[in-house]
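# An overview of the molecular structure
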Amino acid sequence: MALLTLADYESTAGSLAAWPPGVWDFLTGGAGTESTVTANREAFARWRLMPRVCVDVSVVETSTTVLGSDWDLPVAFAPTALHEVCTRDAEAATASAATALGVPMVVSALSSRTIEDIADAAPEATLWQQVYLFRDRKVTASLVQRASAAGAQAIVVTVDVPRPARRLRDIRNELRFPPHVQARNLAASTGRAPDVSSPSAHTAEAMDPSVTWEDVQWLTELSALPVLVKGIQVGQDAEHARRAGAAGVIVSNHGGRQLDRARPTLDALPEIRTAVPSGYPVLLDGGVRTGAEVMIALALGADAVLVGRPVLHGLAVAGKHGAAMVLGILRAELTDAMAQSGHPTLDSVDRSAIHPAPDPALLSADTVPPPAPRVLR
Ligand SMILES: Cc1cc2nc3c(=O)[nH]c(=O)nc-3n(C[C@H](O)[C@H](O)[C@H](O)COP(=O)(O)O)c2cc1C
Ligand SMILES: O=C(O)C(=O)c1ccccc1
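Residues numbered from 1 in each chain as written. Chains lettered and ligands numbered in written order. Predicted model: local features only at pLDDT ≥ 70, side-chain atom pairs only at ≥ 80, totals over all residues.

### Overview of the UniProt feature "active site" (unreviewed entry) in the protein chain
Per the UniProt record, "active site" (unreviewed entry) is found at H254. Mapped onto the secondary structure, H254 falls in the loop between β9 (248-251) and α12 (265-275). When neighbours within four sequence positions are excluded, H254 is seen to be in contact with D160, V161 and G231. (UniProt positions renumbered as here; feature names shortened; annotations may be inferred. Helix = DSSP H or I, 4+ residues; strand = E, 2+ residues; numbered from the N terminus. Contact = placed C-beta atoms within 7 Å.)

Here you go:
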């Protein structure tokens, strides 16, 4: 079967026989009832595009500028841990796919390769380094310093992991990664290989639940690199991030993997967009699976989006080619959606490009009000 959509890649990846026990559930799952995993996706279904016609779309330009750097698409690779579970070349494969498509890759703090090895493998890649404010701040500082020396162009600090989440699939599966899966990037900053065989045990040990905005400010002052705060879900926190010196925010609920019942990121986006000055970078991740959905996120105020799980599906199906194909599909879909809706560039994609879909509850037969009772006289 031809793989034409990100959903095709997901189903193909899910049926691979090679997954170690529990790993597919780990990638796919989320916290608690997984309501937020589902809600991130469903939020996109509540919007429709408003096509304009008789606009010259003979040339469609998907490029954009974020934090002063040019991207071929308004899409980046979200930071996801341990690409070694998906493909042998791990983040070296991901970085070459990102380079081929002209999009940035956010390297996870828990990547299976060091930032130095990733930069060597893909010298043309635009790399951003994701970090946590670990209990041991020296580890955070070392990651920032090494990333800067390796040529990374920004730091992303993830602030939505105060403690391990209740990921029921992982608990039921008693998830353990195979021993060859190692967090080498982190190991290079801690001096010894951290035990990441149980993600939740590692999170409990390494993450600092006492992090406040003062710590974010400390990070923004640590290097010359711009810092984006990932995990912002309300407008006031975007304003806090900006005041702490962040160069931008990423609206994210960790793909529904931390707080079950958190609101979908797309629903949070307009509030966050209006809480910060125009021109201040606002990125979004969570549930973006088609080019039309990229347009919807941009119409609601995002400067760009990030994709998480689909990149892992591409890596698992066909290594670096698979990750590049996933992004290539998003590029083809976005180009098509822009042309079909009369938007030759992304500048004109604003709130007027979309319309709320009718609430399905209002359309279903059993919510049509019953006829008023006849009054018998
Ligand atoms: C398997 C997996 C590992 C992840 N690891 C990290 C991580 O190391 N750091 C981080 O900031 N976010 C991590 N995330 C969250 C992603 O960056 C992103 O917020 C989320 O996957 C976006 O949702 P999507 O998968 O629906 O596109 C991870 C997500 C997944 C699925
Ligand atoms: O950040 C995450 O979501 C995550 O899943 C993870 C992966 C490996 C180790 C710790 C957490």
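From this point, things continue past the structure.
### Describing unusual backbone geometry
Notably, L67 is not glycine yet its phi reads approximately 50°, a positive angle. When you line up the elements, L67 lands in the loop between β2 (64-66) and β3 (69-71). When the 17 C-beta atoms within 10 Å are taken as the criterion, L67 is described as partly exposed. With phi around 50°, A90 is a residue other than glycine that occupies positive phi space. (Buried ≥ 20, exposed ≤ 12 C-beta atoms within 10 Å, placed from the backbone.)

### Brief notes about the pairing of strand β11 (residues 304-307)
Across the two faces of β11 the burial is the same, with A304 and L306 and V305 and V307 all buried. Of the crossover connections in this fold, the one passing from strand β10 (residues 282-285) over helix α13 (residues 291-299) to the parallel β11 is right-handed. (Right-handed = clockwise from strand over helix to strand, strands pointing away.)

### Here we look at the site of ligand 1
By nearness alone, 23 residues border ligand 1, and A78, S108, T158, G255 and G308 come closest of all. For the shell around ligand 1, the per-class residue count stands at eight nonpolar, eleven polar and four charged. (Near = placed C-beta within 6 Å. Nonpolar A, V, L, I, M, F, W, Y, C, P; charged D, E, K, R; others polar.)

### What to know about the UniProt feature "binding site: glyoxylate" (unreviewed entry) in the protein chain
The sites that UniProt annotates as "binding site: glyoxylate" (unreviewed entry) are Y132, R167, H254 and R257. Under the C-beta neighbour-count criterion, Y132 is labelled buried, with 21 such atoms within 10 Å. Y132 has contacts with A109, T140, T158, V161 and M207, leaving out every residue within four places of it along the chain. Inspection of the secondary structure puts R257 in the loop between β9 and α12. For R257, a count of 23 C-beta atoms within 10 Å puts it in the buried group. R257 has contacts with G30, A31, A165 and R167, leaving out every residue within four places of it along the chain.

### A word on the packing of α13 against helix α14 (residues 309-340)
In the contact formed by α13 and α14, the axes pass within 7 Å of each other and the chain directions differ by 65°. You can see that α13 and α14 cross each other, and the crossing is right-handed. Judged by residue contacts, G291, A292, V294 and M295 of α13 engage L330, E333, L334, D336, A337 and M338 from α14. Per-class residue counts for the contact of α13 with α14 are seven nonpolar, one polar and two charged. (Axes fitted to C-alpha atoms, helices over the stretch in contact; angles between N-to-C directions. Left-handed = near helix turned anticlockwise from the far one by under 90°.)

### Side note on the environment of S198
Mapping S198 onto the fold places it in the loop between α8 (184-190) and α9 (199-206). Spatially, the C-alpha atoms of S198 and V349 are 43 Å apart, while their sequence positions differ by 151 residues. Beyond its immediate chain neighbours, meaning those up to four positions away, S198 contacts L175 and R176.

### Thoughts on the site of ligand 2
What surrounds ligand 2 is the set A81, L82, L110, V196, P199, H202, T203, H254 and R257. Looking at the shell around ligand 2 residue by residue, the class counts come to five nonpolar, three polar and one charged.

### Here's the deal with the nonpolar core
Nonpolar side chains in soluble globular proteins generally cluster together in the buried interior. Formed by 115 residues in total, the largest nonpolar core has its most connected members in V229, V249, A297 and V305. When residues in this core are grouped by element, the largest group, 15 residues, is from α14. Excluding its chain neighbours within four sequence positions, the residues that come into contact with V229 are V157, V159, V216, A241, A246, V249 and I250. (Core = buried A, V, L, I, M, F, W, Y, C linked by C-beta atoms within 7 Å.)

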